[in-house]
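One letter stands for each residue in the lines below.
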Amino acid sequence: QKEVEQNSGPLSVPEGAIASLNCTYSDRGSQSFFWYRQYSGKSPELIMSIYSNGDKEDGRFTAQLNKASQYVSLLIRDSQPSDSATYLCAVNLAYSGAGSYQLTFGKGTKLSVIP
Amino acid sequence: NAGVTQTPKFQVLKTGQSMTLQCAQDMNHNSMYWYRQDPGMGLRLIYYSASEGTTDKGEVPNGYNVSRLNKREFSLRLESAAPSQTSVYFCASRPDRNYGYTFGSGTRLTVV
């Protein structure tokens, strides 16, 4: 069973702090990784993608990937109350059939940013 | 730019009724997907279409059928609805396997 694991939280951080969200995955062959943000009652929204080991920065968001440790993380700097949402980690995994890839999602970490 | 459009947004069915959830994307994406999201279970893949003309089962296909009508449209059918199919259903698409998904706004389905 190919799995993607996240701490369900809730993770509470004060406004202005750094929020750190973590994700581990089981398939060593995975090559692409994504972070989604989902507000309550809304659909998931893609916020970061990462394909190579190391860090990728986009505004207040930094994604980190370590393929040897099968670990991907998302850092949110200067956290704002509007960042309060559930964050989903997604890993691109080969499913069945040649060339068939789908995203397998973790169950999400609920983040609360306290004013 | 509409992206991925799902209809309807809300639906209540009686046990045994049938219905079709519609999904259309205007981004010329090759691959389309249907997921369901349940509390504590996360997003689970029901069916997918890697390209026009192909469909395959995902993790939880029982009780569902799909049709990839053309490159834009991918529908999900419940032939005989059961209370266990009460869920939020999301359609998604992407250009190819190297990209993340774009999701539709979802259909909240209740089966009583």
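Residues numbered from 1 in each chain as written. Chains lettered and ligands numbered in written order. Predicted model: local features only at pLDDT ≥ 70, side-chain atom pairs only at ≥ 80, totals over all residues. Heavy atoms only, no water.

Caption draft 1: Quick look at the overall build of chain B. Scanning chain B from terminus to terminus reveals zero helices and 11 strands. For chain B, the α and β elements follow one another from N to C terminus as β-β-β-β-β-β-β-β-β-β-β. Against the globule reference of 13 Å for 112 residues, chain B gives a C-alpha radius of gyration of 13 Å, in line with a compact fold. On the principal axes, the C-alpha backbone points of chain B span a range of 40 × 25 × 25 Å. Each of the 112 residues in chain B was classed as buried or not, and the buried ones make up 48%. For chain B, the share of sequence-separated contacts (at least 6 apart) that also reach a separation of at least 24 residues comes to 55%. Charged side chains of chain B number 12 positive and 8 negative; the gap between the two group centres comes to 5 Å. (Helix = DSSP H or I, 4+ residues; strand = E, 2+ residues; numbered from the N terminus. Rg over C-alpha atoms; globule rule 2.2 N^0.38 Å. Buried < 20%, exposed > 50% of the residue type's maximum accessible area, 1.4 Å probe, protein only. Contact = heavy atoms within 4.5 Å. Lys, Arg positive; Asp, Glu negative; His and termini not counted. Charge placed at Lys NZ, Arg CZ, Asp CG, Glu CD.)

Caption draft 2: Representation of the sheet that holds strand S8 (residues 71-76) of chain A. Residues and elements named next belong to chain A. Strand order in the open sheet formed by five strands is S1-S3-S8-S7-S6, and the pairing between neighbours is antiparallel. Edge positions in the open sheet fall to strand S1 (4-6) and strand S6 (54-58), since each of these has one partner strand only. Put simply, the sheet's adjacent strands are angled 20° from each other on average, direction ignored. Note that S1 and strand S3 (residues 19-25) share three bridges and pair antiparallel. The residue of S3 that forms the bridge with Glu5 is Thr24. (Pairing = 2+ DSSP bridges. Axes fitted to C-alpha atoms, helices over the stretch in contact; angles between N-to-C directions.)

Caption draft 3: Highlighting the sheet that holds strand S1 (residues 4-7) of chain B. Residue and element names in this part refer to chain B. Across the sheet, four strands lie side by side as S1-S3-S8-S7; this open sheet has antiparallel pairing. Strands with a single pairing partner mark the edges of an open sheet, and in this sheet they are S1 and strand S7 (64-68). Geometrically, the sheet is characterised by an average inter-axis angle of 15° between neighbouring strands, direction not taken into account. Inspection of the sheet shows S7 paired to strand S8 (residues 74-78) by five bridges, in the antiparallel sense. Looking across to S8, one finds that Val66 is bridged to Leu76.

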